[in-house]
Amino acid sequence: MSRLSVLVVPDSRLKRHAEPVARVDDGVRRLMDGMLEAMHEAKGIGLAAPQVGVLKRVIVADVSRPDEEPRDYRMANPEILWRSEDEVSGEEGCLSLPEQYGDVTRPARIKVRYLDHQNEIREMEADGLLARCIQHEADHLEGVLFVDYLSLLKRNIILRKLAKAKKQTAAV
Ligand code: GNR
Ligand code: NI
């Protein structure tokens, strides 16, 4: 059982800027492991710390398909150092916007620098779904959600639906 629960929109913590970690210590490692557990449980491919109410620059990801070897990424203070000129559109979802989807155009490839779970600096190039996922998670650290890239009309339809759903759960 996971003790971390994923916040759902509307929640002001999902709109805040997250603070860098000074170093990856046992506390940050525990956070990363708890986030991976919550992410896998929810069948997500990524998760950012603000989604579990922690305003730190920590993200995790595992974009492997069920038939593939799992590959967990743990990243603190991720910095996108380079984005490709070429962009691709793809459908995104978010555990904080349950059952809502939309097409987002993003750079196809990125280079990212981060601290790994051993507090070592690493640099990595990513493409495909991993590149999309890291960009989506990095956005969470700035309080940006995928719906912020949609038209005002589509965004408002989604946000209104979720606000209504939350009111109804609160009323039960
Ligand atoms: O599970 C998720 N799927 C997904 C699909 C396309 C692009 C990004 C993502 S990340 C999302 C989990 C999540 O909300 N991470 O913040
Ligand atoms: Ni998300």
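See the structure printed just above.
Residues numbered from 1 in each chain as written. Chains lettered and ligands numbered in written order. Predicted model: local features only at pLDDT ≥ 70, side-chain atom pairs only at ≥ 80, totals over all residues. Heavy atoms only, no water.

A.B. asks: Any chance you could break down the sheet that holds strand β2 (residues 58–61) for me, citing the residues and the numbers?
C.D. replies: Taken in spatial order, the five strands of this open sheet run β1-β2-β3-β6-β7, and their pairing is antiparallel. Strand pairing shows two members of the sheet lacking a second neighbour, β1 (46–48) and β7 (121–126), which therefore form its edges. Pairs of neighbouring strands in the sheet enclose a mean axial angle of 40 degrees, with direction left out of account. As defined by bridge partners, β2 adjoins strand β3 (residues 73–83) across four bridges and the pair is classed as antiparallel. Residue Val-58 lies in a different strand from β3, and its bridge partner there is Ala-76. Those strands touched by helix α1 (residues 26–41) are β1, β2, β3 and β6 (110–115), and its axis lies near 40 degrees from that of β2. (Pairing = 2+ DSSP bridges. Helix = DSSP H or I, 4+ residues; strand = E, 2+ residues; numbered from the N terminus. Axes fitted to C-alpha atoms, helices over the stretch in contact; angles between N-to-C directions. Contact = heavy atoms within 4.5 Å.)

A.B. asks: Please give an account of the side chain of Arg-57 that cites residues and values.
C.D. replies: Secondary-structure assignment places Arg-57 in the loop between β1 and β2. For Arg-57, a relative accessible area of 12% puts it in the buried group. In terms of polar contacts, Arg-57 uses its side chain to reach the backbone carbonyl oxygen of Leu-141, at 3.3 Å. Contact partners of Arg-57, with chain neighbours within four places excluded, come to His-17, Ala-18, Glu-19, Pro-20, Met-75, Ala-76, Asn-77, Pro-78, Leu-141 and Glu-142. (Buried < 20%, exposed > 50% of the residue type's maximum accessible area, 1.4 Å probe, protein only. Polar contact = N/O pair within 3.5 Å; in protein donor to acceptor, adjacent residues only side chain to side chain.)

A.B. asks: How would you sum up unusual backbone geometry? Please name residues and give values.
C.D. replies: The step from Val-9 to Pro-10 runs through a cis peptide bond, and the omega angle for that step is 0 degrees. Mapping Pro-10 onto the fold places it in the segment before α1. In this structure, Asn-77 takes a positive phi of about 50 degrees despite not being glycine. Along the chain, Asn-77 turns up in strand β3.

A.B. asks: Could you give an account of the pattern of salt bridges, naming the residues involved and the relevant values?
C.D. replies: The full count for this structure, using the stated rule, is 13 salt bridges. In this structure, Glu-37 engages Arg-3 in a salt bridge whose closest nitrogen and oxygen atoms are separated by 3.9 Å. You can see Glu-37 sitting in helix α1 and its partner Arg-3 sitting in the segment before α1, a full 34 residues away along the chain. The exposure class assigned to Arg-3 is exposed, which follows from its relative accessible area of 71%. Between Arg-113 and Glu-79 there is a salt bridge, and its shortest N-O distance comes to 3.7 Å. Here the residue Arg-113 occupies a position in strand β6, and Glu-79 occupies one in strand β3, the gap between them amounting to 34 residues. Take Glu-79: its relative accessible area is 40%, and that puts it in the partly exposed class. Each of Glu-92, Arg-106, Arg-132 and Asp-139 takes part in a single network of salt bridges with overlapping partners. (Salt bridge = Lys/Arg side-chain N within 4 Å of Asp/Glu carboxyl O.)

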